[in-house]
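Okay, here's what each chain looks like letter by letter:
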Amino acid sequence: MPDALTFLEIVAGILLLFGGGELFVAGAVALSLLLGIPQIVIGLTVVAFGTSAPELFVSLLSTLQGNSGGDSIAVSNVLGSNIFNVMVVLGASAAITSLRVRSRLVRRDVPLLIAVSMATWAMASSGSFSWVAGLALLTALVITLVWEVRSAREDHEDGLDDIDAEGASTTPVAIVKLALGLVLLVVGSQVLIKGAIAAAQTLGVSEAVIGLTIVSAGTSMPELVTSLVAAYRGKADLAIGNVVGSNLLNQLLILGLCALLSGQDGLLVSPELLRRDFPVMVLTTLACLPIFWSGGVINRLEGWLLLGAYGLYLVEQILSSTAAPGIDEFRLFVLVAALPLVLVFLTWTSLRWMQQRRSAG
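Residues numbered from 1 in each chain as written. Predicted model: local features only at pLDDT ≥ 70, side-chain atom pairs only at ≥ 80, totals over all residues. Heavy atoms only, no water.

**Regarding the overall build of the protein chain**
The line we're drawing: Every helix listed is a DSSP run of H or I at least four residues long, and every strand listed is a run of E at least two residues long, numbered separately from the N terminus. Throughout, exposure labels follow a simple rule: accessible area from a 1.4 Å probe, protein chains only, divided by the maximum for the residue type, with under 20% read as buried, over 50% as exposed, and the rest as partly exposed. Contact criterion: two residues are considered in contact whenever any of their non-hydrogen atoms come within 4.5 Å of each other. In these tables, accessible area is a Shrake-Rupley quantity obtained with a 1.4 Å probe, and a residue counts as shielded only by the protein chains included in the view.
Assigned secondary structure in the protein chain consists of 12 helices and 4 strands. Going through the 361 residues of the protein chain one by one, you find that 54% of them count as buried. Contacts spanning at least 24 positions in sequence make up 86% of the contacts within the protein chain whose residues lie at least 6 apart. As displayed, the protein chain has an accessible area near 15500 Å², and 69% of this comes from carbon and sulfur atoms.

**Brief notes about the packing of aromatic side chains**
Counted only if it meets this: Note on aromatic pairs: the rings of Phe, Tyr and Trp (six-membered ring only in Trp) are paired at centre separations within 6.5 Å, and the planes decide the class, stacked below 30 degrees, edge-to-face beyond 60, tilted for the rest.
Considering all chains together, one arrives at 3 aromatic pairs under this definition. With centroids separated by 6.5 Å and ring planes inclined at 45 degrees, the aromatic side chains of F129 and F278 adopt a geometry described as tilted. Highlighted residues: F129 in strand 2 (residues 128-129) and F278 in helix 10 (residues 271-293), separated in sequence by 149 residues. Each member of the pair, F129 as well as F278, is classed as buried. Of the aromatic side chains, those joined through ring pairs into one cluster are F84, Y310 and Y313.

**Points about the nonpolar core**
Spelled out, the test is: Each nonpolar core is a collection of buried residues, namely Ala, Val, Leu, Ile, Met, Phe, Trp, Tyr and Cys, held together in the definition by side-chain atoms within 4.5 Å.
Counting residues in hydrophobic clusters, the biggest one holds 58 residues, and the most contacted among them are V75, L99, F129, L267, V269, L273 and F278. In terms of residue count, helix 3 (residues 68-96) provides more of this core than any other element does, 13 residues in total.

**Quick look at the packing of helix 8 (residues 221-232) against helix 9 (residues 236-260)**
Test applied: To get an axis, a line is fitted to the C-alpha atoms, and for a helix only the part in contact is used. The angle between two axes follows their N-to-C directions and goes from 0 to 180 degrees. Working definition: roughly parallel below 35 degrees, roughly antiparallel above 145 degrees, roughly perpendicular at 65 to 115 degrees, and oblique for all remaining angles. When residues are grouped by polarity, Ala, Val, Leu, Ile, Met, Phe, Trp, Tyr, Cys and Pro land in nonpolar, Asp, Glu, Lys and Arg in charged, and all others, Gly among them, in polar.
Following both chains from N to C, one finds helix 8 and helix 9 inclined at 155 degrees, their axes separated by 8 Å at the closest point. Here helix 8 is positioned roughly antiparallel relative to helix 9, judged by the angle of their axes. Listed contacts from helix 9 to E223, T226, S227, A230 and A231 of helix 8 are L238, A239, N242, V243 and S246. Partitioning the contact of helix 8 with helix 9 into residue classes produces 5 nonpolar, 4 polar and 1 charged.

**Thoughts on a nonpolar patch on the surface**
For clarity, the cut-off: Only residues whose relative accessible area exceeds 30% and that form no salt bridge are eligible for patches; like-charged ones are grouped when within 9 Å, while nonpolar side chains (Val, Leu, Ile, Met, Phe, Trp, Tyr) are grouped when within 5 Å. In the sections that follow, a salt bridge refers to a side-chain nitrogen of Lys or Arg positioned within 4 Å of a carboxyl oxygen of Asp or Glu.
Taken together, L64, W131, V132, L135, L260 and L261 make up a surface patch of nonpolar side chains, about 580 Å² in accessible area. If you tally residues by element for the nonpolar patch, the top one is helix 5 (residues 131-154), at 3 residues. Inspection of the secondary structure puts L260 in helix 9. Owing to a relative accessible area of 34%, L260 belongs among the partly exposed residues under this scheme.

**Quick look at the side chain of D277**
Basically, it comes down to this: Polar contact criterion, stated in full: a pair of N or O atoms within 3.5 Å, where within protein one must be able to donate a hydrogen and the other to accept it, and residues adjacent in sequence count only if both atoms are side-chain atoms.
By the element assignment, D277 lies in helix 10. There is a polar contact of 3.4 Å between the side chain of D277 and the side chain of R276. Setting aside anything within four residues of it in sequence, one finds D277 in contact with L79, I83, L212, E272, Y313 and Q317.

**What to know about the side chain of S59**
Along the chain, S59 falls in helix 2 (residues 39-64). Residue S59 is classed as buried on the basis of its relative accessible area, which comes to 0%. Reaching out from S59, the side chain makes a polar contact with the side chain of N77 at a distance of 3.1 Å.

**Considering the environment of L305**
Residue placement: L305 occurs in helix 11 (residues 300-322). With relative accessibility at 29%, the residue L305 sits in the partly exposed group.

**Let's talk about the environment of E148**
Structurally, E148 is set in helix 5. Put simply, E148 and D109 are 39 residues apart on the chain and 9.4 Å apart in space, counted from C-alpha to C-alpha.

**Digging into the pattern of salt bridges**
By the definition in use, this model includes 2 salt bridges. Among the salt bridges present, the one from R276 reaches E272, with a minimum N-O distance of 2.9 Å. With R276 and E272 both in helix 10, this residue pair falls 4 residues apart, about one helical turn. One salt bridge connects D277 with R276, and the closest N-O pair in it is separated by 3.4 Å. Within the structure, one salt-bridge network assembled from shared partners comprises E272, R276 and D277.

**A few points about helix 9**
What counts is decided by this rule: Expected helix span is given by 1.5 Å per residue-to-residue step, counting one fewer step than there are residues. Take the seven residues that end at a residue and the seven that start at it, fit an axis to each, and the angle between those axes is the bend at that residue.
With 25 residues, helix 9 extends 35 Å between its outermost C-alpha atoms, agreeing within 8% with the 36 Å of an ideal straight helix rising 1.5 Å per residue. Residue L249 marks the point of greatest curvature in helix 9, where the axis turns by about 30 degrees. Counting buried positions over the 25 residues of helix 9 gives 23, a clear majority of the element.

**Looking at the environment of A200**
Counting through the fold element by element, A200 comes out in helix 6 (residues 171-203). Placed 11 residues apart in sequence, A200 and G211 show a C-alpha to C-alpha distance of 9.4 Å.

**Remarks on the confidence of the model for the protein chain**
Just so we agree on the cut-off: Here pLDDT means the predictor's own confidence in every residue, given as a number from 0 to 100.
When pLDDT is averaged along the protein chain, the result is 77, and 75% of the positions lie at 70 or above. Mean pLDDT values for the elements of the protein chain range from 67 in helix 12 (residues 327-360) up to 90 in strand 2. Contacts from residues 157-168, a stretch scored under 50 in pLDDT, to residues over four places away or in other chains number 30 contacts.

Here it is in structure tokens:
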């Protein structure tokens with residue numbers, strides 16, 4: 001078992017990342033409000049970047065360590081965070097209250113996220129992200145950001161009335177929050193990485209498993225809190241846009257930068273991640289489309305369904321990492337029972353919505 005110091009390092013790192021992410025988001029949103037950017041674009045870009053900052057710093061510092069263990073934490077942190085964002089952040093937000101999905105998400109942003117997820121999986125299939133792949137991802141990021149900012153003009157009628165800028169109505173206050181949040185993010189990342197690697201060594205599990213579970217959940221806390229608060233206050237655009245935007249930035253920005261800075265060998269991807277977790281990330285991203293499309297609302301039942309799916313994923317991670325005797329039976333249950341039920345439910349909700357539209361027409 002990990003000793004008390006290792007446990008305290010992990011907890012302290014997560015708390016520092018949480019505080020830093022909160023300050024960074026507050027400053028980023030305040031500055032974007034001063035620029036007059038609509039809510040949905042704030043969620044997809046500014047808030048998404050702020051809440052993805054913990055993942056960015058943890059993955060970058062892991063990569064710069066220059067070993068395969070650091071690469072495993074960097075890549076698995078991105079995969080685990082994206083899976084956590086869709087299943088837990090979006091699921092918990094919808095479990096609080098049904099979330100109405102704006103049509104631009106279904107038309108543009110979710111298809112873009114699906115395309116990016118498939119592209120990163122294809123890039124990783126060689127066993128590493130080369131610096132060329134990193135450059136391509138960063139180029140795609142620039143194009144995406146320009147596209148989102150230009151679309152702000154089209155969506156300007158969305159308005160900014162329902163976004164708060166409490167305590168950050170001036171530029172100096174916003175800059176101070178950004179700077180302080182940045183410091184906490186750097187320190188928290190270093191503490192969390194140190195504790196996570198020590199825990200992996202003590203428990204005898206791979207760095208990839210630690211990155212997919214403890215590290216990814218810890219670095220995703222800002223996304224979770226931001227979306228839960230937004231959902232509770234009725235700001236569905238901010239809650240959903242934060243998830244979609246964060247998942248885009250996790251792949252384009254974090255994987256792109258890590259690959260670019262990883263040297264000649266590239267950012268190494270373990271076979272375990274390619275075999276299991278990349279497909280899971282792509283499947284959860286694909287699941288967004290029918291959920292968002294069915295009536296334009298993510299209802300509470302769908303939210304609980306996403307949370308339950310993450311519970312199954314977490315159990316599979318624990319069983320496989322400990323080589324538990326029931327792992328094969330559990331995987332068979334997921335394959336022949338849980339997965340078909342989810343597919344039937346998604347198909348049924350989509351068909352029911354199409355029938356309602358025909359009846360209304």
